[in-house]
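Structural features, examined
Given next are the chains, with one letter for each unit.
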Amino acid sequence: MLLTSKTFCILPWIHFFIEPSSEVKLCCFSSEGLTGETGSPLGLKNMSLRHIWNSVAMKDIRRRMVAGERIGACAKCDRESDLGQTPARAYYNNLWLENDREHEEWELRVAKSIENNLEVTGLPVYYDLRPGNRCNLKCRMCNADYSCRIREDALHSKWAHQSPDIEGSRFPEGSKWYEADDIFLNEIMENIQDTRVFYISGGEPLINPFTLKLIDLLIELKVARKIVLHFSSNLTIYPEDVFAKLKNFESVLFYISVDGMGPVNEYIRYPAKWFNVERNMKEISQNPGISCIITPTVQNYNVLSITDLIDFAGSLNMRCNLNTLFAPHYLSVRAMPGPARRLAIDRLLEYLEKSSLVKKFPDLAASIHNVVMELKQDTQKPYLDTIAEFIMFTNDLDRSRNQSFKDTLPELYNFIIKDGHTWSTEENIMLTTEKLSSE
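Computed from a prediction, not measured in an experiment: that's the story for all the values here.

Here is what the cut-offs are and how they apply
Residues numbered from 1 in each chain as written. Predicted model: local features only at pLDDT ≥ 70, side-chain atom pairs only at ≥ 80, totals over all residues. Heavy atoms only, no water. Core = buried A, V, L, I, M, F, W, Y, C linked by side-chain atoms within 4.5 Å. Buried < 20%, exposed > 50% of the residue type's maximum accessible area, 1.4 Å probe, protein only. Helix = DSSP H or I, 4+ residues; strand = E, 2+ residues; numbered from the N terminus. Contact = heavy atoms within 4.5 Å. Phe/Tyr/Trp six-rings, centres within 6.5 Å; stacked < 30°, edge-to-face > 60°. Pairing = 2+ DSSP bridges. UniProt positions renumbered as here; feature names shortened; annotations may be inferred. Salt bridge = Lys/Arg side-chain N within 4 Å of Asp/Glu carboxyl O. Right-handed = clockwise from strand over helix to strand, strands pointing away.

Comments concerning the nonpolar core
Counting 138 residues, the largest nonpolar core has Ile 10 and Phe 254 as the members making the most contacts within it. Looking at this core element by element, the count peaks at 7 residues for helix H18 (residues 383–401). Sequence-distant contacts of Ile 10, that is, excluding residues within four places in its chain, are made with Tyr 92, Asn 93, Trp 96, Leu 97, Trp 106 and Val 110.

Shown next as structure tokens:
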């Protein structure tokens, strides 16, 4: 590899990530967005793509990565490295600098930028877009930034509010960047002949007008054959017309957001119906032009049974990579009684030892190891307050959705009761206060 810096990541040289608010971050794992020289957030509402790409902030991040310095926005990767886990930057460096057919070009791009005050010639080749929060689900661990259903839910939105848009006036008054899409798409099209990948999440991309417009535009411009499309989808729907158009692209990869088998997935990803998801997963597994990876968000709700989902993925000849949840903290795998965490560790270690899928899919082994290492960390602090918050949140959503934590996840429920906790029926204090003040 070109650089030996332990904090180096290829993404700031090739990749551009945009939040629904138009805020720009280094990647989807970044804990903070880019800021300008005055300390205000950088986003598409106040600066063009080209100006952000070689802004003072971006050049400083590249410089610090080359120098081996740690960066606040990369705290998640730094933490994973410290714990002996496999950080996301290792995955991207391997993907683009070791295995990509044009890896020498990306190494040269880095080298030339070092000679040019860390300014990159050429625009990004890999776009990670979050064009709004249009979604048909309101998953328990999600928030209003990525789900309009949560934003419209008076209760859930109190727990998971929507971030404000950053300030700026580049777009017509009241327009989001993905609504003023002609402006943004024109900026992307400046470099479309060199663009390699579009990764679209949300929200649910298969019902997003921006996604559909982008697909049509790439086909119309006759560049689709050299474009790779990635989608993060809950796969509760399977629009035949959209999938027919995907045949025009070089390749298509779906990261399927499913968190468990049957009732477990329905509990977490409300109001998904398992029979729809299972049917669509089987349908997409038979599509020769599409690759799939099941990417569950591993949390306290599902970590005890997550190997069942891995086996199901294997039965469809799909890879399964586990994403460890870090926020909200009360849904973390660390927010569990000690005996429950030890049982989860034992089950995952046994799976690592015995499952043939681990040998077939090396990335699966690394992601299981990451979950095990997280389970081994100190209990989420302050523990008693965190469990109380988990109980209150779970009860709030159970009541509003006519669901039952005790009936759906009895194993974890019993661990919590045996740990000495009372399963309170107390309401969300914030919501109760609002109700009383309005009466």
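Resuming the write-up.
Description of the packing of aromatic side chains
Under the definition given, this model contains 28 aromatic pairs. Summarising the aromatic geometry, the rings of Trp 159 and Phe 393 are spaced 5.2 Å apart at their centres and angled 80° between planes, so their arrangement reads as edge-to-face. Linking Trp 159 in helix H8 (residues 156–159) with Phe 393 in helix H18, this pair joins segments that are 234 residues apart in sequence. Phe 393 matches Trp 159 in its accessibility class, with the two residues each being buried. Here the aromatic rings of Tyr 330 and Phe 393 are separated by 5.0 Å at their centres, their planes lie at 45°, and the arrangement is tilted. One end of the pair, Tyr 330, is in the loop between strand S10 (323–324) and helix H15 (338–354); the other, Phe 393, is in helix H18, with 63 residues separating them in the sequence. The same class applies to Tyr 330 and to Phe 393, which are both buried.

A closer look at the sheet that holds strand S9 (residues 319–320)
The sheet built from 8 strands is open, its strands ordered S2-S1-S3-S4-S5-S6-S7-S9 with mixed pairing. Two strands close off the open sheet at either side, each with one partner strand: strand S2 (24–25) and S9. Note that strand S1 (residues 15–18) and strand S3 (residues 126–129) share 4 bridges and pair parallel. If you follow Phe 17 over to S3, its bridge partner there is Asp 128.

Side note on the environment of Leu 137
Relative to the assigned elements, Leu 137 resides in the loop between S3 and helix H7 (148–151). Discounting residues that sit within four places of it in the chain, Leu 137 has contacts with Ser 147, Arg 149, Asn 234, Thr 236, Arg 269, Tyr 270, Pro 271 and Ala 272.

Overview of the UniProt feature "domain: Radical SAM core" (unreviewed entry) in the protein chain
Following the UniProt record, the feature "domain: Radical SAM core" (unreviewed entry) maps to residues 131–312 here. As annotated, residues 131–312 has a helix share of 33% and a strand share of 13%, and its two end C-alpha atoms lie 31 Å apart.

A word on the pairing of S1
Residues His 15 and Phe 17 of S1 are buried on one face, and the alternating residues Phe 16 and Ile 18, pointing to the opposite face, are buried as well. Strand direction decides the pairing type here: S1 and S2, joined by 2 bridges, are antiparallel. Among the inter-strand pairings, Phe 17 is bridged to a residue of S2, identified as Lys 25. Linking S1 to S2, which pair antiparallel, is a turn of 5 residues; within it Ser 22 sits at a positive phi near 85°.

Some details on the pattern of salt bridges
Taken as a whole and assessed by the stated rule, the structure comprises 26 salt bridges. The residue Asp 78 makes a salt bridge to Arg 89 at a minimum N-O spacing of 2.8 Å. Of this pair, Asp 78 sits in helix H4 (residues 75–82) while Arg 89 sits in helix H5 (residues 88–97), and the two are 11 residues apart along the sequence. With relative accessibility at 5%, the residue Asp 78 sits in the buried group. Judged by relative accessible area, Arg 89 falls into the buried class, the value being 7%. The residue Arg 151 makes a salt bridge to Glu 152 at a minimum N-O spacing of 3.6 Å. The exposure class assigned to Glu 152 is exposed, which follows from its relative accessible area of 55%. Where salt bridges share partners, they join Asp 60, Arg 63, Arg 64 and Glu 69 into one cluster.

Notes on the side chain of Asn 265
Looking at the secondary structure, you find Asn 265 in helix H12 (residues 263–268). Here Asn 265 falls in the buried class, since its relative accessible area comes to 1%. Beyond its immediate sequence surroundings of up to four residues, Asn 265 is in contact with Val 258, Asp 259, Gly 260, Ala 272, Trp 274 and Val 277.

Considerations on the pairing of strand S4 (residues 197–200)
Side chains Val 197 and Tyr 199 of S4 all project onto a buried face; the interleaved residues Phe 198 and Ile 200 project onto the opposite face, where all are buried too. Relative to strand S5 (residues 228–233), S4 is paired through 4 bridges, and the arrangement is parallel. Across the sheet, the residue bridging to Phe 198 is Leu 229, located in S5. For the crossover that starts at S4, traverses helix H10 (residues 209–220) and ends in the parallel S5, the hand is right-handed.

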